[in-house]
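# Secondary and tertiary structure notes
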Amino acid sequence: MRKLIAASVLALATGVSGGASAEPVKVGLITTLSGGGAGLGIDARDGFLLALKNAGDAAAEIEVVTEDDGQKPELAVQIADKMIQSDQVDILTGIIWSNLAMAVVPGAVAQGKFYISVNAGPSALAGSQCNENYFNVAYQNDNFHEAMGQYANETYRKTFIMAPNYPAGTDSLTGFKRYYKGELAGEIYTQVGQTDYAAEIAQIRASGADSLFIFLPGGMGIAFMKQYAQSGVDIPVIGPGFSFSQDVLPAIGDAALGVKNSASWAKDLDNDASRTFVETFQAEYGRLPSIYAAQAYDTGNLIVSAAARASVKDAAAFRAALKEAGFDSVRGKFSFNTNNHPIQDIYVREVVKEGDVLTNKIIGTAFTDHKDAYAEQCPLK
Amino acid sequence: MQTALFIEQMLNGLQLGVMLFLMAAGLTLIFGVMGLINLAHGSLYMVGAFACASAAAATGSFWAGLAASLAAAAAAGAIVEILVIRRLYRRDHLDQVLATFALILIFSEGTRWLFGSFPLYLDIPPLLQGTVSLPGGSRYQLYRLAIIGVGIAVAVALFLLIAKTRLGMRIRAGESDREMIGALGVDIRTLYTLVFALGAALAGLAGALVGALQSVQVGMGEPVLILAFVVIVIGGIGSIKGALVGAVIVGVTDTMGRFLLPQLFGLLMPPSQAGLVGGALASMLIYIVMAVVLAVKPQGLFPAAKG
């Protein structure tokens, strides 16, 4: 009898440890925690860490090292090198900005590390420069803009479009025009980091447009929307979700009310994963999560799910486990395309006021199971 | 319609220029009187905007915020002068640049520590909301007109202060001969602190006024600082008059460039390309103007008279 108990205890112990003895995984989180873009990076970091915390024991073997890139490409590259060489991380993640991603990702995957993007999705990495070890959980950069172009077709015939003059800005307007069928009332490229938009607003006023599409992330969007509302121009505004995300809405204020914008997620999305995410995020950090937090939360859960299926030391098996996307996404359904970028629904949201808090509400679906336009150029199968 | 748009754009250029003047006046005053390159001037602009936003949020009044911004920026300026800057007057410019750059980092992280990483909200006061009619049928925002008014008032007040008052006389004396003014028994240390606080208050005022138009966030001062340096290089370092003229030149050139260049290129190429090329050239335009001015007048348009 005693032998039997001992044997079963032993069996139980090995059984349990069989689950938990998943190899330790070391994750390097490089993101923007200082400077003007810090709000985005902090949300991404908090979302990522929350996913590991909520996973409990399943994430016990996952260790995270976090560093601030200050939104500087050269710094991000140094940090990535340091994390690969001396911290010996298995996976890198966390970068918000496309120019930083372009600086870090090719080098990291060439050294056999995994890179899993929480946000940046430059077109090159989705197309010709795609890599089997590069996964993007967020989107390809054009996607939200494409969704807005599609949405504009429903109501508008003469849209004025505007974005900053840098790669993500030109990608944005390209993405919009890929689906928009109406006429353009005007097309302006502004300076990156521009803070005064009086000259552009005067042109928009004079253009006779029936709608205005803008892509102005971070502080640029705040400045523009305030000045636009103050100027008394009443042409309706549409744009990708970045300019109207939870991190900037309080600073824009009521000027954002009624703006239609596109994103892969909003906090009222009806599924259990999303509800748990919003509740625990609010309890942990005392604020509403943004789209950046949601994408990073999904990234954390993707890593947890893959680590439970395969050892990170066995690159082929781990890659296959990542590709399965065996986690409960806050977006409801989620899968990877051949180029390791998401196939997902993209929603149209409207900025509304709930009590005193400005937030987004889903009002429609622009795309179902949307894939990016660059997958065909990617040799991966 | 085109003339109305043109008038509106000229006003926009003037408004940008006036705002730059508030920044550049302090910068040029500090350089002229103390020979100090203050990279942290943009941080004082940020301090003004944050003080205004938080005081306005607490009291519900923009005007209380404006007063708070002046007080906070002047106080921050005086404290920084006494604790740090005072030790730098005798050092060379590289040390000054290093130390004031360190101040930028300290101010930025300090502000983040106090207020968090997310931008603050600040709206224009109800009194100045709305628009007024322009000749030609367009409308212009009242608040921007008010900024132009404040800028002109500050320019006049500064001119009177420097030309007509005893303090102004000392500032001018300090500019032309530091040792002599000390030998005559003027308390040069207090004078320096006062000038520094005055420059800081002007930067704080600019930050508060602009904070209502833009986003109040950490790091907001640095882009403006670069433009302010362009202004004082064009205008002549140390000259208030130069700062005013330089600021208006930069403001109008930048705005009109952004407005006209893409249209100009639109005559030659498809609109999408014209937007890209015109936009890129417009963002270089003020630096091209600066280079031309430096080539013709290396000391700037109105070089300060040096004794």
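Bear in mind that the values here come from a model prediction, so they are computed numbers and not experimental data.

How each quantity is defined
- Residues numbered from 1 in each chain as written.
- Chains lettered and ligands numbered in written order.
- Predicted model: local features only at pLDDT ≥ 70, side-chain atom pairs only at ≥ 80, totals over all residues.
- Helix = DSSP H or I, 4+ residues; strand = E, 2+ residues; numbered from the N terminus.
- Rg over C-alpha atoms; globule rule 2.2 N^0.38 Å.
- Buried ≥ 20, exposed ≤ 12 C-beta atoms within 10 Å, placed from the backbone.
- Axes fitted to C-alpha atoms, helices over the stretch in contact; angles between N-to-C directions.
- Parallel < 35°, antiparallel > 145°, perpendicular 65-115°, else oblique.
- Left-handed = near helix turned anticlockwise from the far one by under 90°.
- Contact = placed C-beta atoms within 7 Å.
- Nonpolar A, V, L, I, M, F, W, Y, C, P; charged D, E, K, R; others polar.
- Pairing = 2+ DSSP bridges.
- Domains from an automatic or database assignment.

Below, the discussion takes up the overall build of chain B. When helices and strands are counted, chain B shows 11 helices and 2 strands. Helices and strands in chain B line up, N terminus first, as α-α-α-α-β-β-α-α-α-α-α-α-α. Whereas a compact globule of 307 residues would reach a radius of gyration of roughly 19 Å, chain B reaches 20 Å, a difference of no more than 12%. The dimensions of chain B, computed from C-alpha atoms along their principal axes, are 65 × 50 × 35 Å. Looking at chain B as a whole, 52% of its 307 residues qualify as buried.

Residues and elements named next belong to chain A. Two elements in contact, helix α12 (residues 291-309) and helix α13 (residues 315-324), have axes separated by 8 Å at closest approach and are oriented at 135°. The angle between α12 and α13 falls in the class oblique. Crossing handedness for the pair α12 and α13: right-handed. For the pair α12 and α13, contact is made by L302, A306 and R309 and by F318, A321 and L322, respectively. Considered class by class, the residues forming the contact of α12 with α13 number 5 nonpolar, no polar and 1 charged.

Another point: the sheet that holds strand β3 (residues 91-93) of chain A. Residue and element names in this part refer to chain A. One open sheet accounts for 5 strands, arranged β2-β1-β3-β4-β5; its pairing is parallel. Two strands in the sheet have a free side with no partner beyond their single neighbour: β2 (62-68) and β5 (134-136). Averaged over all adjacent pairs, the angle separating strand axes in this sheet is 20°, with direction ignored. Here strand β4 (residues 114-117) runs beside β5; their pairing, made up of 3 bridges, is parallel.

This part takes up the domain arrangement of chain A. Residue and element names in this part refer to chain A. Along its sequence, chain A is carved into domain 1 (11-139 + 269-336) and domain 2 (143-263 + 347-370). For domain 1 and domain 2, the distance between their C-alpha centres works out to 28 Å. Listed by partner, the interface residues are 16 residues for domain 1 and 14 residues for domain 2. Among the elements that take part in the side of domain 1 that touches domain 2, helix α2 (residues 38-55) stands out by supplying 3 residues, more than any other. Taken together, the residues of the side of domain 1 that touches domain 2 sort by class into 8 nonpolar, 7 polar and 1 charged.

Moving on to the interface of chain A and chain B. Many authors give the size of an interface as the accessible area that is lost as the parts come together. In this complex, chain A contributes 33 residues to the contact, which on the side of chain B involves 39 residues. Elements supplying a minimum of two residues to the side of chain A that touches chain B: α2, β7 (183-190), α8 (198-207), α9 (219-231) and α10 (249-252) of chain A. Tallied by class, the residues present in the side of chain A that touches chain B amount to 13 nonpolar, 16 polar and 4 charged.

Residues and elements named next belong to chain B. Where helix α9 (residues 221-235) contacts helix α11 (residues 271-296), the two axes come as close as 9 Å, and the packing angle between them is 25°. As the angle between them shows, α9 and α11 are arranged roughly parallel. Every pair of crossing elements has a handedness; the one defined by α9 and α11 is left-handed. Note on element contacts: α11 touches α9 through I286, Y287, V289, M290 and V293, opposite V230, V233 and I234.

Turning our attention to the environment of A:D372. Residue and element names in this part refer to chain A. Locating D372 in the fold gives a position in the segment after β13 (357-370). On the neighbour-count criterion, D372 (24 C-beta atoms within 10 Å) is buried. Spatially, the C-alpha atoms of D372 and V77 are 27 Å apart, while their sequence positions differ by 295 residues. Leaving out residues up to four positions away in the same chain, D372 has contacts with A126, Q140, D142, N143 and H341.

Moving on, we come to the environment of B:A206. Within the secondary structure, B:A206 is located in helix α8 (residues 188-211). Setting aside its immediate chain neighbours within four residues, B:A206 contacts B:M19, B:L22, B:M23, B:Y45 and B:G48.

Next up on the list: unusual backbone geometry. Residues and elements named next belong to chain A. The residue Q71 is not glycine, and still its phi comes out positive at about 60°. Mapped onto the secondary structure, Q71 falls in the loop between β2 and α3 (73-85). Look at Q88: it is not a glycine, yet its phi comes out positive at around 55°. Within the fold, Q88 resides in the loop between α3 and β3. Look at Q88 and you get exposed, because 11 C-beta atoms sit within 10 Å.

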